[in-house]
Amino acid sequence: RSSYGGYGVFRSDDRGATWRHVGLGESDRIGRIRVDPRDSQRVYVAVLGKLYTPGGERGVYRTLDGGATWQRVLTADNTADGETFAGFVDLVLDPANPDVLYAAGWERSRRPWDFVEGGAASGVWKSTNGGDSWVKLGGGLPQGEHVGRIGLAVSASQPRTVYASIDNQELLPEEQWDLGDGAITAKRLRTMTKDEFLDQDPEEIEDFIRGNDLDTSLDAAKLIAMIESDELTLEQLRDELDDANANLFSTDIKGIEVWRSDDAGATWRRTHDEPIREVVYTYGYYFGQVRVAPDDPDRIYVLGVPLITSHDGGKTFLPANGRGVHVDHQAMWIDPNFSDRVITGNDGGLDVSYDGGISWLKLDRQPVGQFYTVEVDMADPYNVYGGLQDNGVLTGSSRSRPGIDAWRRIGGGDGMYIQVDPRDNATIYLGLQFGYYGRIDADGSRSPTRPRDLLGEPALRYNWASPILLSEHNHDTLYFGANHLYRSLDRGETWAAISPDLSRSPNRGDVPFGTLTSISESPLEFGLLWAATDDGQVHVSDDGGREWRDVAAGLPKDRWVTRVEASHHERDRAYLSLNGYRDDDVTAYLYVTEDLGASWTSLAAGLPAEPVNVVKEDPVNPEVLYVGTDRGAYASLDRGKTWQSLPAEMPNVPVHDLVVHPRERELVAGTHGRSMFILDALPIQELTPEVRSEPLHVFPVDPVSYQRGWRSRRSAWFHDPIDDPSLSIPFWSADEGRITLLIEDEAGHAVQRLELEASPGINAFEWDLLLDEELALMAEKARLEQPAEDDAKPRKKKRGKPEEAEAKPERGTRAKQPWSEAKRLGRPLYITPGTYTLEIRSATAEAETSFEVEAPEPRQPRMDPPPRIRGQRDD
């Protein structure tokens, strides 16, 4: 659901320092690149192609000149160009003879509502002449419409031995179905008669009801009575059990199979007699990798959920996942010189084993989290919450440091939307895939909370990322989007539908579709509601959901609505982003309405051709908008007339969610691949036309909390540099050039002078809070000789919400710490508590502000406990 295509093949000739594009720009998704070990100019590429639509570049491509030109040397079927869904997903070279290649073709088709995972064009091809000609291999390999994704591996120590892992979508014989535990399960119910059901123990029926998340008003006695009186048939009950989340893990297909050839692909045999249970489940599109040890043709690894291994050529398998290793594996490397060193890449990061997979060491310091959603609370400092792909819901302080401060997991599965009650910053609503939500109360207790359809009613449809929303006007009111909009007035305890089915598409498949994807309530008016769907529908209600108006006229048809955002500043204004990702459409769709959806105006001019995932209006400055796309994040200072990319610190990566903290004036971005970023939004909010007309402008600077430990800091060898204190100094420069940054104490004495290079636009300088030794000592001497005057320079405005900008924090007492003492002890000269002026100067202009260094809390006297008398009782 979030598999991103690329722009073709890139090449680096300096070990990755720089890259250049060398072709296959329409390949979209590439399964494998193989370089001929004898000639680095000869390269083969297995191209899978576009994800949701046919056509484009698909097949095996070859270059003989290092990417200057390419030739398609293999296609998976004979369908005319522009119609095929079949591409290539894996490719291996015979290590003894690189002219021998094996390629895995995969025919599959995806739509927003369905995924067909196999086809007759899937299979294994072989070339013996460097790709000039190919034959499709048979020799016992599965053929036909049920063949799904295939992974390939050739044994380095015995090159005629080839393995293929095949996702076989063929149904198992009924006698091999896994019916699950319990007397009544969804699968047992498929063949159960009415009499057999009524003969079951009522306690087993009660367990069945609770285990399948049926209507909470239902109990065993009620269900038995309904079946007995034919008020409800078993067929209707079976319909209630069609659950998308359960379908991920409950399958009756043959699933992953391992096939082996010992004669270079001429003949094949399945290595195992029985099906491999509970590996890969239903989605071969996600895994499909097999590896063989370089020194042992019988030691193989099969990647999926979880990782398994065999030491007898695939006859029997053992778990190799290891304690603490994430279960979803997509990538593996085996050291060719020491085969017990294995590195696996999975949904939890990287893990390495030095004993062939018996034990594992985590290597998870890479910032590669895949966030779907972001939320913040109003604690001080505030906390950030995020729903991650297959890593649940995490929370951590906004002031946490990468890899240093641990985040806390508060939810599992694929983490989705989060809402936090601002009354206590402890009541949390959170969920996982397909609408499974719950509430964490302030005391840590948990309760499930989601609307359910009544027996006999059409089953509700829950999106992969079902939206929830806590009302800003009444924090007991929670909204939930299925295919109807639901509202709870009691914190999710009970639910009522406040809309009809707001979707329109009749398309149904094995992926829930026709669902709400975004909901919004006006911050200015309770009950002014917006709801949007995955099939392009947009509705608005201005009476709390009694009446709804379809306002999608004039918008693109059949495009997934990624966000509807009611304005913080104007009642009838709302912003809307749509996304063509599931149609392989990279158009940027972004709109605004000023009249509650009666008309829409596009704001996409100036945005690059990238699908838009989220739009957010700034809560402080109505002129400022932010969007996150499949390639990055952008801001507008004029309500969408023009757009600028956000700073270089934000990588070129999908941005799925954005939130602006209203008090701290910071923008939090959740990326799908590079974790989470916090950007100082205050300079953007205050970058008015007047500021942009100035040659230089320095924005308000955060106060600094002085730490006593600064002066005793040891060498960088003994602490992580990320712990070093710093102060971000944002400023505007109309021109490029050299500027001087000057820090002065309250008496106007300079304590630091730095030369910087400014770029046109917003600049952010990170100052390490160290002082110029000579200037600081001169300032200290002057201060001792002449006391500071009471009428020191007036302070400039500080950060915070605009109405609080002049508020002065009270913290401890200010102590003038002698910098000369630090110099005598050979310690670094850090800034000390007090009020300072920060000034930037160019050759023709200057600007200044002030900032506070807050004193630490006074030390508390040590209170020794009274002496304890031996034998004295505590009571």
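Residues numbered from 1 in each chain as written. Predicted model: local features only at pLDDT ≥ 70, side-chain atom pairs only at ≥ 80, totals over all residues. Heavy atoms only, no water.

### Some words on the overall build of the protein chain
Right, on to step 1. Of regular secondary structure, the protein chain possesses 10 helices and 59 strands.
Right, on to step 2. Here the C-alpha atoms of the protein chain give a radius of gyration of 31 Å, agreeing with the 29 Å that 2.2 N^0.38 yields for 875 residues.
Right, on to step 3. Along the first, second and third principal axes, the C-alpha atoms of the protein chain reach 95 × 80 × 75 Å.
Right, on to step 4. In the protein chain, 53% of the contacts between residues at least 6 apart in sequence involve partners at least 24 apart.
Right, on to step 5. About 39,600 Å² of surface is accessible on the protein chain, with carbon and sulfur atoms providing 49% of the total.
Right, on to step 6. The average position of the 97 basic charges and that of the 146 acidic charges among the side chains of the protein chain differ by 5 Å. (Helix = DSSP H or I, 4+ residues; strand = E, 2+ residues; numbered from the N terminus. Rg over C-alpha atoms; globule rule 2.2 N^0.38 Å. Contact = heavy atoms within 4.5 Å. Areas by Shrake-Rupley, 256 points an atom, 1.4 Å probe, with all protein chains shown as cover. Lys, Arg positive; Asp, Glu negative; His and termini not counted. Charge placed at Lys NZ, Arg CZ, Asp CG, Glu CD.)

### Some details on the environment of G392
Right, on to step 1. Following the sequence through the fold, G392 ends up in strand β27 (residues 392–397).
Right, on to step 2. Its relative accessible area of 0% is what places G392 among the buried residues.
Right, on to step 3. Each C-alpha atom of the pair G392 and D114 lies 25 Å from the other, and the pair is 278 residues apart in sequence.
Right, on to step 4. Sequence-distant contacts of G392, defined by excluding residues within four places in its chain, comprise G386, G387, G411, G412, G413 and G415. (Buried < 20%, exposed > 50% of the residue type's maximum accessible area, 1.4 Å probe, protein only.)

### Some words on the sheet that holds strand β25 (residues 371–376)
The strands making up a sheet are joined through hydrogen bonds of the backbone, oriented either antiparallel or parallel.
Right, on to step 1. Pairing is antiparallel across the open sheet formed by 4 strands, whose spatial order is β25-β26-β27-β28. Because the sheet does not close on itself, it has two edges, and the strands there are β25 and β28 (408–411). Neighbour-to-neighbour, the strand axes of the sheet open up by a mean angle of 25°, direction not taken into account.
Right, on to step 2. Where β25 lies against strand β26 (residues 383–388), 5 bridges are found, and the strand directions are antiparallel. Paired with T373 across the two strands is G387, which belongs to β26. (Pairing = 2+ DSSP bridges. Axes fitted to C-alpha atoms, helices over the stretch in contact; angles between N-to-C directions.)

### Structural notes on the confidence of the model for the protein chain
Right, on to step 1. When pLDDT is averaged across the protein chain, the result is 90; 90% of the residues are at 70 or more.
Right, on to step 2. In this model, residues 804–815 is a region of pLDDT below 50 whose contacts with residues beyond four sequence positions or in other chains number 28 contacts.
Right, on to step 3. Across residues 868–875, where pLDDT falls below 50, the model places 1 contact with residues more than four positions away in sequence or in other chains. (pLDDT = per-residue confidence, 0-100.)

### Details of the side chain of D535
Right, on to step 1. Along the chain, the position of D535 falls in the loop between β38 (529–533) and β39 (538–541).
Right, on to step 2. No salt bridge is formed by the buried D535; its nearest oppositely charged neighbour, R508, is found at 6.5 Å.
Right, on to step 3. In terms of polar contacts, D535 uses its side chain to reach the backbone amide nitrogen of S505, at 2.7 Å.
Right, on to step 4. Residues in contact with D535, not counting those within four places in the same chain, are S503, R504, S505, F513, G514, D558 and R559. (Salt bridge = Lys/Arg side-chain N within 4 Å of Asp/Glu carboxyl O. Polar contact = N/O pair within 3.5 Å; in protein donor to acceptor, adjacent residues only side chain to side chain.)

### As for the packing of helix α3 (residues 202–211) against helix α4 (residues 220–228)
Right, on to step 1. Close contact between α3 and α4 brings their axes to 9 Å; oriented N to C, the two are set at 100°. When the axis of α3 is compared with that of α4, the two are roughly perpendicular. Where α3 approaches α4, its residues P202, I205, E206 and I209 are matched on the opposing element by A220, L223 and I224.
Right, on to step 2. Along the lines of polarity and charge, the residues of the contact of α3 with α4 split into 6 nonpolar, no polar and 1 charged. (Parallel < 35°, antiparallel > 145°, perpendicular 65-115°, else oblique. Nonpolar A, V, L, I, M, F, W, Y, C, P; charged D, E, K, R; others polar.)

### A closer look at α4
In an α-helix there are 3.6 residues to a turn, and that puts residues three or four apart on one side.
Right, on to step 1. Every buried residue belonging to α4 is among A220, L223, I224, M226 and I227, and all of these are buried. For α4, the buried positions fall inside an angular range of 165° around the axis, keeping them on one side. Counted as exposed and oriented over 90 degrees from the buried face of α4: A221 and E228.
Right, on to step 2. The elements touched by buried residues of α4 are α2 (194–198), α3 and α5 (234–240).
Right, on to step 3. A positive backbone phi angle near 65° is found at D230, which sits one or two residues after α4. (Arc of directions from axis to C-beta.)

### Re the packing of aromatic side chains
Right, on to step 1. One pass over the structure, following the stated rule, counts 14 aromatic pairs.
Right, on to step 2. Where F88 meets W125, the ring centres are 5.3 Å apart and the plane angle is 65°; that geometry is what we call edge-to-face. Taken together, the positions of F88 in strand β7 (residues 86–93) and W125 in strand β11 (residues 123–127) put the pair 37 residues apart, joining distant regions of the chain.
Right, on to step 3. Judged by relative accessible area, F88 falls into the buried class, the value being 0%.
Right, on to step 4. Plain terms: the ring middles of F513 and W560 are 6.5 Å apart, the flat faces sit at 45° to each other, and that makes the pair tilted. Remark: W560 occurs in strand β41 (residues 560–566) and F513 occurs in the loop between β36 (496–497) and β37 (516–521); sequence separation between them is 47 residues. Residue F513 shares its accessibility class with W560, and that shared class is buried.
Right, on to step 5. An aromatic cluster is present here, built from Y437, Y462, F480 and W495 joined pairwise through their rings. (Phe/Tyr/Trp six-rings, centres within 6.5 Å; stacked < 30°, edge-to-face > 60°.)

### Regarding the pairing of strand β51 (residues 676–680)
Right, on to step 1. Bridge count between strand β50 (residues 666–671) and β51: 5 bridges; the pairing is antiparallel. Each residue of the ladder has a partner; that of E666, found in β51, is D680.
Right, on to step 2. Hairpin geometry of β50 and β51 is characterised by an intervening segment of 4 residues between the two adjacent antiparallel strands and by a positive phi of about 145° at G673.

### Details of the nonpolar core
Right, on to step 1. Counting residues in each nonpolar core, the largest one holds 32 residues, and the members touching the most others are I743, W767, I831, I840 and F851.
Right, on to step 2. Residue assignment for this core shows that the elements contributing at least two residues are β52 (696–698), β54 (727–733), β55 (737–744), β56 (750–758), α9 (773–785), α10 (819–824), β58 (834–841) and β59 (846–854).
Right, on to step 3. Counting 21 residues, the second-largest nonpolar core is a separate cluster that includes V92, I150, V154 and W259. (Core = buried A, V, L, I, M, F, W, Y, C linked by side-chain atoms within 4.5 Å.)

### Quick look at the pattern of salt bridges
Pairing between side chains of opposite charge can happen when the charged atoms of each approach one another.
Right, on to step 1. For the structure on display, the rule yields 45 salt bridges.
Right, on to step 2. Linked by salt bridges that have partners in common, D36, R38, R42 and D99 make up one network.

### Quick notes on the sheet that holds strand β23 (residues 349–353)
Right, on to step 1. The 4 strands lie next to each other as β21-β22-β23-β24, forming an open sheet whose pairing is antiparallel. Each edge of the sheet is formed by a strand with only one pairing partner; in this case those strands are β21 (329–334) and β24 (361–362).

### Considerations on α9
Right, on to step 1. Over its 13 residues, α9 runs 18 Å from end to end, which matches the ideal 18 Å to within 8%, given 1.5 Å per residue.
Right, on to step 2. Of all the positions in α9, only L775, A776, A779, E780 and R783 are classed as buried. An end-on view of α9 places all buried positions within 135° of arc, on one side of the element. Facing away from the buried side of α9, by more than 90 degrees, are the exposed residues E774, M778, K781, L784 and E785.
Right, on to step 3. Among the structural elements, β56 and α10 are those in contact with the buried residues of α9.
Right, on to step 4. For α9, the N-terminal cap is D772; the gap from its side-chain oxygen to the backbone nitrogen of E774 is 3.2 Å. (Expected span 1.5 Å × (residues − 1).)

### Looking at unusual backbone geometry
If a residue is not glycine, its phi is most likely negative; likewise, a peptide bond is most likely trans.
Right, on to step 1. Between V305 and the following residue, P306, the backbone shows a cis peptide bond with an omega angle of 0°.
Right, on to step 2. Within the element layout of this structure, P306 appears in the loop between β18 (300–303) and β19 (308–310).
Right, on to step 3. At the junction of D380 and P381, the peptide bond is cis and its omega measures out at -5° in the coordinates.
Right, on to step 4. Positive phi, close to 60°, is recorded for R15, a residue that is not glycine.
Right, on to step 5. With relative accessibility at 88%, the residue R15 sits in the exposed group.
Right, on to step 6. In the Ramachandran plot, D230 falls in the positive-phi region, its phi being about 65° despite a non-glycine side chain.
Right, on to step 7. Here D230 is to be found in the loop between α4 and α5.
Right, on to step 8. Using a relative accessible area of 49% as the deciding quantity, one classes D230 as partly exposed.

### Thoughts on the side chain of T309
Right, on to step 1. Relative to the helices and strands, T309 is located in strand β19.
Right, on to step 2. If we ignore the near neighbours within four places in the chain, the residues touching T309 are I300, Y301, T316, F317, L318 and A320.

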